[in-house]
Amino acid sequence: MDIQLAQVEQIIAQLYGNVDSNSAQEYLQTLQKQQYAWELAPQLLASESVNSQFFGAHTFQVKISRDWHTLPPDRKEWVRNELLRWIVRLSNGPMVVITKLCLALTAFALQAVPEFWTNFISDFLNYLHTESITVSAQNQSQPLFIELPLLEFLTVIPEEVLRADLIGERKARVNQELTDSIPRVMSILETLLSAHHEYSERDIILKQKCLRCLQSWIQYGVPFEMLHLLIDHVIALFSIESMNDAATEVLVEFISQTRINYYQNTVCEKILQCMTGDWAKSQITKAINDGDELSARNLCRLMTTFGDNFTNYVAINFLRQDIVIYLEMMLMFAGFPGYFGQDQEATIYISEMPLQFWFMLQESLCDPEVIPVISASDNDVSTSDIQTLNISPTNIQQIRESSIVIFRRLIEVLRGKVQYPPDSEWVEFTKDVKERFWHYRRDVGDTILNTYYVLRDQMLAFLVELAISQISTPGRDQNQWQDLESTLFCIKSIAEAVSNGENIYLPQLFGSDVYGKLPVQGHTKLRNTAFSLIGSYADWFKSNPQYILSALNYLIPALSDIELALAAATAFKEVCDICRDSLVNGIEDLVNMYIVVGPNIQPREKQKVIESIADVIQVLPPEKMVQPLLSITSDIIQTMKDIILHGRQNPSQFREIIITQLEYLTCCGRGIQPPDENLIVIDDDDLKTKQNFAVFDSIPVQDLTNALSEIIRNIAEIWYQDNEVIECLCKFLNIGIRITPNLLSIPFEIIVPLIKISFQRHPHANWLETAVQIVTVYGSSPKHGVDLMDVLISLTSTTIQHVRSKAEMEQYPDIVNSYFLLITKFLKKCPLLLYSLPSDMFNGIMTFSVAGLGLQERLALKSAVNFIGEFIGQDCENDKFAKGIENVMMTYGLEIMRELLLGIGGKLPRSFVSSLSPVLYKMTERYIEASREWLGILLAEDNFPSSHVDQMAKQNFARGILGTRSLQRFKDIVTEFSIKCRNLEGSAYGRS
């Protein structure tokens, strides 16, 4: 064994020396799986090598956590004693080894409770105390320092308990041990924190360990009454540079606890004094002057956490001097020097941290339950509010005035922070840094929006006047656009809060004072923001239509500029969508604009433009929609006809073009769909629907329909194997099925046979999804029953022929999912058609569905479970069909229950148990006697549904689910049974 040990140590040296570390790691991991690794661990701990000691401790931890079941009962005491002995023996040694040993001992404790070791904390403390006296007496020249291992164990215990997935009695006993130990642990920490030291290196480490330990126990849940004295010690250490990091972590954890609200007055006084004292102010000033993010990080994090948890306290005490200082410091953090993402460390982002606080402070200041509202007429405020909050009307008014000053400064700070750097610097930013900067701007935009609720019109006045000043400054350098862009960004950010009736500042903005002077060439970022701002104020334009034309005239030229087109097209879409009623009289101009500009617009933006114009067309009376719609679709249809002529010889060469044209048609169809109508359900008795449809029997519309039908047939035939083309084609068809009037829809009598033959030609799941749309719209119409039955038979036959086994179901989950969606829709809309299928086909569907319950692919499995659940739970008024459903359940019920129990028992992921439980509940509710019989048959089988449950557990499970009609209780029983089946009960770290 000595030779083996030497070899192992050599390989360990390779692992930590980065010499062929992969092979060394593989060898050592295999070694840890062996039974003799239990004996090897203490031998490695006896080594002189720190790496070997660490690996020995790690081996103990791995064996205990992973291979506990391989440890003979008579060796458990030996393992515990070895861990305790080595913790004492190496207490003056490397901390990394001590930590690993403490983790291993913690893992042992969590496994050994309650059968073997209950009072693990008190036993450990007693053992350490006794051994330290013994060892020190034996070797007085080298005293034993037990504080560090003691603190390390006390630190990891609560952390590991919170992390572990403990259940049952073990969870209760472990938590009881921690609760019982709290007084003793707090006493130890108080003694060590209050002790006066000279702050040698060891003393500093000891204090830091104390703070880290205290943080761990606060996180676990120490009663607040036991923390006050300790927190005073932490605050005293906060201003000591070597302690600041650890003290900050404790204070952050302390004020993050929800329970602190009961003690906020006492706590706030102490923490505020700590944060706003001379030392803290000097630290932030120095950090800003030096650009030192690391020094500012801790204080910023503490102050932000304080603000997030005590926002109401800050609002109520807004006028206090320490709160004023606090707010000043928070403004300094928000405006920390440098460009976000570039000049601030990636893990710190000081400017971002305070944003949530400012958002919450605005809510508190505007909440009448926090700061009562004074009546404008008599300066009166509710007496009960004053008594409750102890705020006088005078103070309330002063708070309002002071908050306006502070938030005005905040806007100035934030506007500067979102400002782009000079072009020469921006080009040097990496893509990742640019993304972070843009993300930060979006977050700041949310804060700016909330700031508006404090400043209201004063904010809009400030920003618009600033924009006018910036754009009108004599001698302004035209290359310096960044300040104006950031101002427009701020105005854009508050759009949703500004009243549509605002008639002072926005007319100045969109009139000649600002937009009339904006550049029309270059300045990409400035113009993109200007376009986005127009789109953001679409609702305002709706109420102020006199400004729409000038806004669109500014947008439209940019549609053909690649760098500007996306922002311009998006804004164009928003204005046309919201202001469609105001634009309808100018539809001819919009169509003519499209005819001129359209050929030069990129496909992505062209889709938006087409949909935008279609939005406006939708407002027209039916008889006036035809001509403009034909105008914007004529070039699309002609292009598709030309492509089809060439596409038969080489489909792949023209697929991208045909996809693009289909997307154009889909956008057009989406645009002419009424905004308040998601779906038509055909009703033969609806006279209005008939009259609307009759309007479109004109020759131009018939020609359009015939042309589209022929194009659709050809696309489905030529590109039948191309999944992307078929997906786009079906998206267009689906939009056509849903819109009204149906100018772009393919008639029912054409689309139904198209679905059948196309799915037979190549079974794309998209055809099944289109069939779902057909059933949704036409399923309630008796006159379409024959055709719907025909399409169901055809699609079912093709699906079952194509997907003939469970392996193929796993191979084609998209088809399986869409087919289950289809038959579920039939079940809901026209169930008699489903039940009228030939018996062999219906039996095939049920066999297919039962197999679907055992799938591993989540989407297909979910839809299969949903279909079976709907089938079992349906109500049928027809006695004949009700009897038929019962007969089906008597035939397939046993196999359905088998698959459900297998899934619950571990065949499927635990996350699916919540979906399987309601289906099993419906079975036992509707077919109680049959379920009793099926459960008896299935649970009598050996190792069913799992080898981890015995017959008694299965019997208790059956009795439980058959004996309750409470769905929640039923789910709880199933969940408990599933845990047993998966053998998760016995593991301290049980996870699926």
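Remember, predicted model here, so these are calculated numbers, not experimental data.

## Describing the overall build of the protein chain
- Per the secondary structure count, the protein chain includes 50 helices and zero strands.
- With respect to the principal axes defined by its C-alpha atoms, the protein chain has extents near 110 × 90 × 65 Å.
- The buried share of the protein chain, reckoned over its 992 residues, is 52%.
- If you average the places of the 83 positive and of the 119 negative side-chain charges in the protein chain, the two averages end up 4 Å apart.

## Comments concerning helix α6 (residues 95-112)
- Look at α6: 25 Å from first C-alpha to last across 18 residues, which is about the 26 Å you get at 1.5 Å a residue.
- Among the 18 residues that make up α6, 15 are buried, leaving the element largely enclosed by the rest of the structure.

## Description of helix α50 (residues 967-981)
- Taking 1.5 Å per residue as the helical rise, α50 with its 15 residues ought to reach 21 Å, and the 21 Å between its terminal C-alpha atoms agrees with that figure.
- Along α50, the positions that sit buried rather than exposed are Phe-970, Ile-973, Val-974, Phe-977, Ser-978, Ile-979 and Cys-981.
- Those residues of α50 hidden inside the fold are in contact with α46 (879-907), α47 (913-926) and α49 (951-962).
- Asn-983 sits one or two positions beyond α50 and adopts a positive phi of about 60°.

## A look at the packing of helix α39 (residues 765-778) against helix α40 (residues 785-802)
- Running from amino to carboxyl end, α39 crosses α40 at an angle of 155°, the nearest separation of the two axes being 12 Å. Taken as axis vectors, α39 and α40 run roughly antiparallel relative to one another. When you trace α39 past α40, the crossing you get is left-handed. Touching Leu-768, Ala-771, Ile-774, Val-775 and Tyr-778 of α39 are Leu-788, Leu-795 and Thr-799, all from α40.
- Residue composition of the contact of α39 with α40, by class: seven nonpolar, one polar and no charged.

## Regarding the nonpolar core
- Core analysis: the biggest nonpolar cluster contains 340 residues, and Phe-306, Trp-358 and Tyr-537 have the highest contact counts within it.
- Looking at which element gives the most residues to this core, the answer is α6, with twelve residues.
- Aside from chain neighbours lying at most four places away, what touches Phe-306 is Ile-255, Cys-268, Ile-271, Leu-272, Met-275, Tyr-313, Val-314 and Tyr-326.

## Let's talk about unusual backbone geometry
- Here the bond from Val-113 into Pro-114 is cis, since omega is 0°, no more than 30 degrees from zero.
- Relative to the assigned elements, Pro-114 resides in the loop between α6 and α7 (120-138).
- Geometrically, the link from Phe-944 to Pro-945 is a cis peptide bond, its omega value of -5° lying close to zero.
- Among the secondary structure elements, Pro-945 is positioned in the loop between α48 (928-939) and α49.
- A positive phi angle is found at His-523, which is not glycine, with a value near 50°.
- Considering the arrangement of structural elements, one finds His-523 in the loop between α25 (505-510) and α26 (524-536).
- Positive phi is not limited to glycine here, since Asn-943 has a value of about 60°.
- Position of Asn-943 relative to the elements: it lies in the loop between α48 and α49.
- Given a relative accessible area of 55%, Asn-943 falls into the exposed group.

## Quick word on the environment of Leu-526
- Within the secondary structure, Leu-526 is located in helix α26.
- Sequence separation between Leu-526 and Leu-908 is 382 residues, and the spatial gap between their C-alpha atoms is 54 Å.
- When neighbours within four sequence positions are excluded, Leu-526 is seen to be in contact with Trp-481, Leu-484, Glu-485, Leu-488 and Pro-519.

## As for the state of the cysteines
- Evaluation of the coordinates by the stated rule reveals zero disulfides.
- The closest cysteine sulfur to the non-disulfide-bonded Cys-366 is located on Cys-490, 18 Å from its own sulfur.
- Looking at the unpaired Cys-728, the closest cysteine sulfur is the one in Cys-730, lying at 9.6 Å.

## What about the confidence of the model for the protein chain?
- Taken residue by residue, the protein chain gives an average pLDDT of 90. The fraction at 70 or more is 92%.
- Contacts of residues 678-682 to residues separated by more than four positions or lying in other chains number 17 contacts, the stretch itself having pLDDT below 50.

## A look at the packing of aromatic side chains
- Using the criterion set out here, one finds 42 aromatic pairs in the structure.
- Summarising the aromatic geometry, the rings of Trp-426 and Phe-429 are spaced 5.4 Å apart at their centres and angled 50° between planes, so their arrangement reads as tilted.
- What links up through ring pairs into an aromatic cluster is the set Phe-510, Tyr-515, Phe-531, Tyr-537, Trp-540, Phe-541, Tyr-547 and Tyr-554.
- For the cation-ring pair, Arg-75 lies above Trp-78, with the distance from its terminal atom to the ring centre recorded as 4.0 Å.
- If you follow Lys-525 out to its NZ or CZ, it ends over the ring of Tyr-420, 5.6 Å from the centre.

What counts, and at which threshold
Residues numbered from 1 in each chain as written. Predicted model: local features only at pLDDT ≥ 70, side-chain atom pairs only at ≥ 80, totals over all residues. Heavy atoms only, no water. Helix = DSSP H or I, 4+ residues; strand = E, 2+ residues; numbered from the N terminus. Buried < 20%, exposed > 50% of the residue type's maximum accessible area, 1.4 Å probe, protein only. Lys, Arg positive; Asp, Glu negative; His and termini not counted. Charge placed at Lys NZ, Arg CZ, Asp CG, Glu CD. Expected span 1.5 Å × (residues − 1). Contact = heavy atoms within 4.5 Å. Axes fitted to C-alpha atoms, helices over the stretch in contact; angles between N-to-C directions. Parallel < 35°, antiparallel > 145°, perpendicular 65-115°, else oblique. Left-handed = near helix turned anticlockwise from the far one by under 90°. Nonpolar A, V, L, I, M, F, W, Y, C, P; charged D, E, K, R; others polar. Core = buried A, V, L, I, M, F, W, Y, C linked by side-chain atoms within 4.5 Å. Disulfide = S-S within 2.5 Å. pLDDT = per-residue confidence, 0-100. Phe/Tyr/Trp six-rings, centres within 6.5 Å; stacked < 30°, edge-to-face > 60°. Lys NZ or Arg CZ within 6 Å of the ring centre and 35° of its normal.

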